[in-house]
Amino acid sequence: MADRGPRLRPEWTVAAVFLASGAALLVYILSGVSLRWTFLALGLAAATVATVVIRRLPAERRAKVLRRMAVGAVAGFAATLAYDAVRIALVEFAGLRLRPFEAWRLFGLALAETDQDATWVFLLGVAFHLCNGIAFGVAYTVAFGRRGIWPAIVWALVLETFMVSVYPGWLGLKALDEFLSVSITGHLVYGVVLGWLAKHLLGSSRWREDDGDSGADEPARSADPAR
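Residues numbered from 1 in each chain as written. Predicted model: local features only at pLDDT ≥ 70, side-chain atom pairs only at ≥ 80, totals over all residues. Heavy atoms only, no water.

- An unreviewed UniProt entry lists the protein chain under the name DUF6789 family protein, with Catellatospora aurea as the source organism.

Laid out in structure tokens, this is it:
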């Protein structure tokens, strides 16, 4: 049988769908299309694709992906809290003028499709922010597993690149140097916490994977018995 070339690994597909919330935000910022409906549409599509792909996996491989999703959610949540904590610390102790959480309010206003500031609108924005941080953590962990801190830092800096590309114009920032210092530091901390925690949890007795199983990007074994 002719070789059809390399195929996209199912783990990469599952990892990719967890970028849906970030993609919805980019679409909203760049085009002005409703964040609420884009988020719901992409989220529904992502959930459908992930469900279909995971159900088609063999039982052992399915369990591995689900395990990584759970670990990624925990690691992503912790990394997001660390990301926010270091930004608060920088603004408070360095006396910066930057308002690092203004985006949360704007998230809430966009999702609620209102111009009325209210506590529930702000909390909606916080929930969206946490959703992004957790989803990015799941995407990393499903794709890279126990690769460790440095790959996670690279992952975080890729996220930072997208953020720096669109946030300053969207937020109308004038103190760009303050924004960059706070944002880069926050993402570095996010990457360190995410990479360390994902590796630690996947190596623990509860979530342990095989020693040779360190990431979804390992070369797939050929199904051709003649090789």
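After that view, the rundown keeps rolling.
## Quick word on the overall build of the protein chain
Turning to step 1, where the next piece is worked out: If you tally the helices and strands in the protein chain, you get eight helices and zero strands.
Turning to step 2, where the next piece is worked out: Along the protein chain, helices (α) and strands (β) appear in the sequence α-α-α-α-α-α-α-α when read from the amino end.
Turning to step 3, where the next piece is worked out: Taking all contacts inside the protein chain whose residues are at least 6 apart in sequence as the whole, residues at least 24 apart take part in 75%.
Turning to step 4, where the next piece is worked out: Accessible surface, the protein chain as shown: approximately 12500 Å² in total, 64% of it carbon and sulfur. (Helix = DSSP H or I, 4+ residues; strand = E, 2+ residues; numbered from the N terminus. Contact = heavy atoms within 4.5 Å. Areas by Shrake-Rupley, 256 points an atom, 1.4 Å probe, with all protein chains shown as cover.)

## Here we look at the environment of L25
Turning to step 1, where the next piece is worked out: Examined against the element boundaries, L25 turns out to sit in helix α2 (residues 20-31).
Turning to step 2, where the next piece is worked out: Sequence spacing of L25 and L35 is ten residues, and the spatial spacing of their C-alpha atoms is 6.4 Å.
Turning to step 3, where the next piece is worked out: If near-sequence neighbours (up to four positions away) are discounted, L25 is found in contact with L35, F107, F128, N132 and Y167.

## Some points on the packing of helix α3 (residues 35-55) against helix α5 (residues 102-112)
Turning to step 1, where the next piece is worked out: The N-to-C vectors of α3 and α5 enclose an angle of 80 degrees; their axes lie 6 Å apart at closest approach. By the angle between their directions, the pair α3 and α5 is classed as roughly perpendicular. Judged by residue contacts, L35, R36 and F39 of α3 engage F107, A110, L111 and A112 from α5.
Turning to step 2, where the next piece is worked out: Considering only residue class, the contact of α3 with α5 consists of six nonpolar, no polar and one charged. (Axes fitted to C-alpha atoms, helices over the stretch in contact; angles between N-to-C directions. Parallel < 35°, antiparallel > 145°, perpendicular 65-115°, else oblique. Nonpolar A, V, L, I, M, F, W, Y, C, P; charged D, E, K, R; others polar.)

## A word on the pattern of salt bridges
Turning to step 1, where the next piece is worked out: Using the criterion set out here, one finds six salt bridges in the structure.
Turning to step 2, where the next piece is worked out: Taking the shortest distance from any N to any O, the salt bridge between D84 and R87 comes out at 2.9 Å. Residue D84 and its partner R87 are located together in helix α4 (residues 59-94), separated by three residues, close to a single helical turn.
Turning to step 3, where the next piece is worked out: For D84, a relative accessible area of 7% puts it in the buried group.
Turning to step 4, where the next piece is worked out: Overall, the relative accessible area of 5% leaves R87 in the buried class.
Turning to step 5, where the next piece is worked out: D117 is the salt-bridge partner of R105, the closest N and O atoms lying 3.2 Å from each other. Here D117 lies in the loop between α5 and α6 (119-144) and R105 lies in helix α5, a separation of twelve residues in the sequence.
Turning to step 6, where the next piece is worked out: Relative accessible area serves as the criterion here: at 26%, R105 is assigned to the partly exposed category.
Turning to step 7, where the next piece is worked out: Taken together, the shared-partner salt bridges connect R9, E11 and R61 into one network. (Salt bridge = Lys/Arg side-chain N within 4 Å of Asp/Glu carboxyl O. Buried < 20%, exposed > 50% of the residue type's maximum accessible area, 1.4 Å probe, protein only.)

## Remarks on the packing of α4 against α6
Turning to step 1, where the next piece is worked out: Put simply, α4 and α6 touch, their axes get as near as 6 Å, and they point 130 degrees apart. One way to sum up the angle between α4 and α6 is to call them oblique. Taken as a pair, α4 and α6 cross one another with a handedness that is right-handed. From α4, V65, R68, M69, V71, G72, A73, G76, F77, T80, Y83, D84 and R87 reach across to α6, where they touch H129, L130, G133, I134, G137, V138, T141, V142, A143 and F144. (Left-handed = near helix turned anticlockwise from the far one by under 90°.)

## Points about α4
Turning to step 1, where the next piece is worked out: The first and last C-alpha atoms of α4 sit 52 Å apart over 36 residues, in line with the 52 Å expected at 1.5 Å per residue.
Turning to step 2, where the next piece is worked out: Directly after α4, the chain includes G95, whose backbone phi takes a positive value near 65 degrees. (Expected span 1.5 Å × (residues − 1).)

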